[in-house]
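Remarks on the overall topology
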Amino acid sequence: MLLERILEIANIAAQEGISLEQLHSQLDDDAIDTLLELQAVEREIEQFDKFKHLFPDETQHIGEFSFWARHLYAKHMEFFRLGKDIRSRCFMAANRVGKTFSAGGYEMTCHLTGLYPKWWEGRRFKHPIRAWACGKSNETTRDIVQTTLLGDIKYNGARKGVDGSGVIPRSKIGVDQGQLTWKQGVADLIDTIKIKHVSGGWSKLGFKSYQQGRGSFEGTAQHVVWDDEEPPMEIYGEQVIRTATTKGIIMITFTPLQGMSDVVQQFLPDDEDVIG
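Rules behind the numbers
- Throughout this description, residue numbers start from 1 for each chain and increase along the sequence as written.
- Owing to the predicted nature of the model, reporting of local features is limited to residues with pLDDT of at least 70; listing and counting of side-chain atom pairs is limited to 80 or more, with chain, interface and lining totals taken over all residues.
- Only hydrogens and water are set aside; all other atoms, that is, all heavy atoms of the structure, feed into the side-chain values.
- Here, nonpolar core refers to any group of buried Ala, Val, Leu, Ile, Met, Phe, Trp, Tyr and Cys residues whose side-chain atoms link them within 4.5 Å.
- Buried means the residue's accessible area, taken with a 1.4 Å probe over protein chains only, is under 20% of the maximum for its type, while exposed means over 50%, and partly exposed covers the values in between.
- Where helices and strands are cited, they refer to DSSP runs of H or I of at least four residues and of E of at least two residues respectively, numbered from the N terminus.
- In this description, contact between two residues means that some pair of their heavy atoms is separated by no more than 4.5 Å.
- Here, strands pair whenever DSSP counts at least two bridges between them.
- Interaxial angles span 0 to 180 degrees and are taken between N-to-C directions of axes, which are lines fitted to C-alpha atoms, for helices over the stretch in contact.
- Each Phe, Tyr or Trp ring (for Trp, its six-membered ring) is paired with any other whose centre lies within 6.5 Å, and the angle between the two planes then decides the class: stacked below 30 degrees, edge-to-face above 60, tilted in between.
- The term salt bridge refers to a pairing of a side-chain nitrogen on Lys or Arg with a carboxyl oxygen on Asp or Glu at a separation within 4 Å.

What follows covers the nonpolar core. If you look at the biggest cluster of nonpolar residues, it comprises 42 residues, and the most contacted ones within it are Tyr106, Met108, Leu149, Leu150, Ile193, Leu205 and Phe207. Among the secondary structure elements, those contributing two or more residues to this core are helix H4 (74-82), helix H5 (99-113), strand S4 (130-135), helix H6 (138-150), strand S8 (190-196), strand S9 (202-209), strand S10 (224-228) and strand S11 (249-254). Here this core takes 5 residues from H5, the largest share from any one element. Apart from the residues lying within four places of it in its own chain, the contact partners of leucine 149 are Gly105, Met108, Thr109, Ala133, Gly166, Val167, Ile168, Leu205, Phe207 and Trp226. In terms of nonpolar packing, the next biggest core, distinct from the first, is built from 14 residues, Tyr210, Tyr236, Ile252 and Val263 among them.

Looking now at the sheet that holds S10. Judged by pairing direction, the sheet is mixed, and its 7 strands sit side by side in the order S3-S11-S10-S4-S9-S8-S7 without closing on themselves. Sheet topology places strand S3 (88-92) and strand S7 (180-182) at the edges, where each strand pairs with a single neighbour. If you compare each strand with its neighbour and ignore which way they point, the axes differ by 15° on average. Sheet contacts for H5: S3, S4, S8, S9, S10 and S11; angle to S11, the most-contacted strand, approximately 160°.

Tallying each qualifying case throughout the model produces 15 aromatic pairs. A ring pair is formed by phenylalanine 55 and tyrosine 106, whose centres lie 4.9 Å apart and whose planes are at 85°; its orientation type is edge-to-face. Taken together, the residues phenylalanine 55 in the loop between helix H3 (29-48) and strand S1 (60-62) and tyrosine 106 in helix H5 connect sequence positions 51 residues apart. When the ring of phenylalanine 55 is compared with that of tryptophan 119, the centres are 5.9 Å apart and the planes differ by 80°; the resulting orientation is edge-to-face.

The next thing to look at is the pattern of salt bridges. Pairing is possible between side chains that carry opposite charge, provided their charged atoms lie close to one another. Tallied over the entire structure, the rule returns 8 salt bridges. The partner of aspartate 188 in a salt bridge is lysine 160, and the shortest N-O contact between them spans 3.0 Å. Remark: lysine 160 occurs in strand S6 (residues 159-162) and aspartate 188 occurs in the loop between S7 and S8; sequence separation between them is 28 residues. Judged by relative accessible area, aspartate 188 falls into the partly exposed class, the value being 26%. Classification of lysine 160 as partly exposed rests on a relative accessible area of 24%. Among the salt bridges present, the one from arginine 242 reaches glutamate 238, with a minimum N-O distance of 2.6 Å. Here glutamate 238 and arginine 242 lie together in helix H7 (residues 233-242), a separation of 4 residues that amounts to about one turn. On the basis of relative accessible area, glutamate 238 is assigned to the buried category, the value being 3%.

Right, dumping it as structure tokens:
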């Protein structure tokens, strides 16, 4: 009853533009403590636990964030579902429609952590994985892909890390010595980081840019590769090889700014793995 009353008062206050000072005068000490706890939970969800609230059954509003019902994301749902049978998929769409955060970032988080939602119909890995998240340049990989998944750079004393405000839940990000390495020569760009998997093991996520050239994509087998922005054909081909022995998957999320390129032609409308 106390919680319901607090929420009722807070809702009325928001609608009528009542200040925090005025609201404070209407609540006793117990109610104020409860309200502060609720606000702290909201802030925690807003910053560090977005993943479990994405694609809900019904639209939810938590603090400043709105988590829209998944039936509004028909193309995203189809993209996820096709991953069960198709090794290489592309989400080719306009800017600002959720390609990076809600498509590539969300699916990559599912695979790294093993935290698949109940409604998930796409590919599943039952074990920790090796994965690459890739961008066009070192700077865009850091500023877009890395930030989407892990959040902003944060210092804990002299040790540099991330704050966990991205799609990957903060509690799943490795923070111990050796679980995070930094790329040489590029400020604040992570080389590899370990992500806790529900099996108890650790997935390994590496960040790469096309700027590093094809050679940097040679050598190791990967279970998942996510390209945010269109890769050069020679790099895409190398990624296909890296995921062959693991029967892994490649996801490409991009706006086709380079026109009818070789990569775009791999996903023409006549192909079954294109979402139109």
